[in-house]
Amino acid sequence: MNSALRRCGFDKVFDTNFTADLTILEEGAELLIRLKKALVDGDESVALPQFTSCSPGWVKYLEHFYPEYIPNLSSAKSPQQMFGALLKTYYAELNGVDPKDIVTVALMPCSAKKFECNRPEMCDSGYKDIDYGLTTRELAKMIREAGIDLLKMPKSEFDDPFGTATGSGVVFGATGGVMEAALRTVIELVTGKKVEDFFDHAEVKPVRGFSGVRYAGIPINEVGPVPELIAGLCDDFQWLKGATLKVGICHGTANAKRVMEDIKAGGKFSECHFIEFMACPGGCLGGGGQPAPTTPEIRAARAKAIYAEDRAYDIRKSHENPAIAKIYEQFLEEGPCGHRSHELLHTGYLPRGKYIE
């Protein structure tokens, strides 16, 4: 596919899984900030549970039907939008390119991504983060129109410096994947132990599956020192020792409504700390831009392929991605949820109660 994209005329091809890893660091740091303010500082204004914000269909649904819960949305942009902001700042600086000359095109399984890239707030680089969105079906049509036989194209790598991703970035595509990726990272950062000590092969099975609504509790019986990467967030994790991290997962707006009504009624999901919402059944693998038809059997086959890809990666945790470490070292120097990260990678609402001008 990389070779076909270049043959179609794209100058560079990058892997969105890279910014999926970045999203996990930003969203996970934001969750820790919210939890500390609520549990340690006693700030009752902190909005919990924190909701994921990478599904634009879900975000729009919440804005229309539950606007009073907008503060619960993570302020982190989606991987698509984070990538655009980095390409027109970090990448432009690194390569001596004027950002006004960069045209960004996102290939997505999701038709709502076209709407997302046109949202007026998605221009923190000074330019439109993502200029155009392409769906899976549209790319297939382009490849056919160009006379390219995809299966006969030679393999080629993604371009640097965004060619490195992890298994955690890959599992984003399945319902429960964002939560699994987040848990792999948060568990290791907080406990100082390997996630494999808690879940075999780092596979967080309690959040997997196709049940419309899922719930899991992850006990935190021990904590480790605060890693250097997130040293600016807090001095220690003793305040989390003995706590149970409660998480929820749902996919499809009918199930989103069930969870939101449960939260409004003070039910089980109102006690969660973090909830993953995906507008499409099955998650992004069942997106509106994917090949049709999309049956339950096809969604299950796509999920199986995604988890097989994850297992094939040498690095399977977002915080262990060396390219992520490098971007925090060279560009986002204050770390996750630092000033520059908030300027470029987050929308206006901040959990600290501030607004970006």
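Residues numbered from 1 in each chain as written. Predicted model: local features only at pLDDT ≥ 70, side-chain atom pairs only at ≥ 80, totals over all residues. Heavy atoms only, no water.

Q: Before we move on, can you summarise the overall build of the protein chain with the specific residues and values?
A: Counting its regular elements, the protein chain contains 12 helices and 6 strands. Over its C-alpha atoms the protein chain spans a radius of gyration of 20 Å, differing by no more than 12% from the 21 Å that the globule rule assigns to 357 residues. Taken over the C-alpha atoms alone, the protein chain extends approximately 60 × 45 × 40 Å along its principal axes. The buried share among the 357 residues of the protein chain stands at 54%. Contacts in the protein chain between residues at least 24 apart in sequence constitute 75% of all its contacts with a sequence separation of at least 6. Working note: accessible area of the protein chain is about 15,900 Å², and carbon and sulfur atoms make up 52% of it. Side chains of the protein chain carry 41 positive and 49 negative charges; the gap between the two charge centres is 6 Å. (Helix = DSSP H or I, 4+ residues; strand = E, 2+ residues; numbered from the N terminus. Rg over C-alpha atoms; globule rule 2.2 N^0.38 Å. Buried < 20%, exposed > 50% of the residue type's maximum accessible area, 1.4 Å probe, protein only. Contact = heavy atoms within 4.5 Å. Areas by Shrake-Rupley, 256 points an atom, 1.4 Å probe, with all protein chains shown as cover. Lys, Arg positive; Asp, Glu negative; His and termini not counted. Charge placed at Lys NZ, Arg CZ, Asp CG, Glu CD.)

Q: Requested: an account of helix α10 (residues 296–312), with residues and values cited.
A: Spanning 17 residues, α10 covers 25 Å between terminal C-alpha atoms, matching the ideal 24 Å at 1.5 Å per step. Of the positions making up α10, those classed as buried are Arg299, Arg302, Ala303, Ile306, Tyr307 and Asp310. For α10, the angular spread of the buried residues around the axis is 135°, confining them to a single face. Of the exposed residues in α10, those oriented more than 90 degrees away from the buried face are Glu297, Lys304 and Ala312. Buried residues along α10 sit against α7 (167–171) and α8 (177–191). (Expected span 1.5 Å × (residues − 1). Arc of directions from axis to C-beta.)

Q: Which residues make up the pattern of salt bridges, and what are the values?
A: For the structure on display, the rule yields 28 salt bridges. Among the salt bridges present, the one from arginine 119 reaches glutamate 63, with a minimum N-O distance of 2.7 Å. Here glutamate 63 lies in helix α3 (residues 56–65) and arginine 119 lies in the loop between α5 (112–117) and β3 (132–135), a separation of 56 residues in the sequence. Taking relative accessible area as the criterion, arginine 119 reaches 16% and is therefore assigned buried. Three or more residues joined by partner-sharing salt bridges are found here, namely Glu180, Arg184, Glu203, Lys205, Arg208, Asp310, Arg311 and Arg316. (Salt bridge = Lys/Arg side-chain N within 4 Å of Asp/Glu carboxyl O.)

Q: So what's going on with the pairing of strand β5 (residues 244–251)? Which residues, and what values?
A: Most of β5 is tucked away, with 6 of its 8 residues classed as buried. Looking at chain direction, strand β4 (residues 213–219) and β5 are connected through 7 bridges and run antiparallel. Bridge assignment links alanine 216 to a residue of β5, and that residue is valine 247. (Pairing = 2+ DSSP bridges.)

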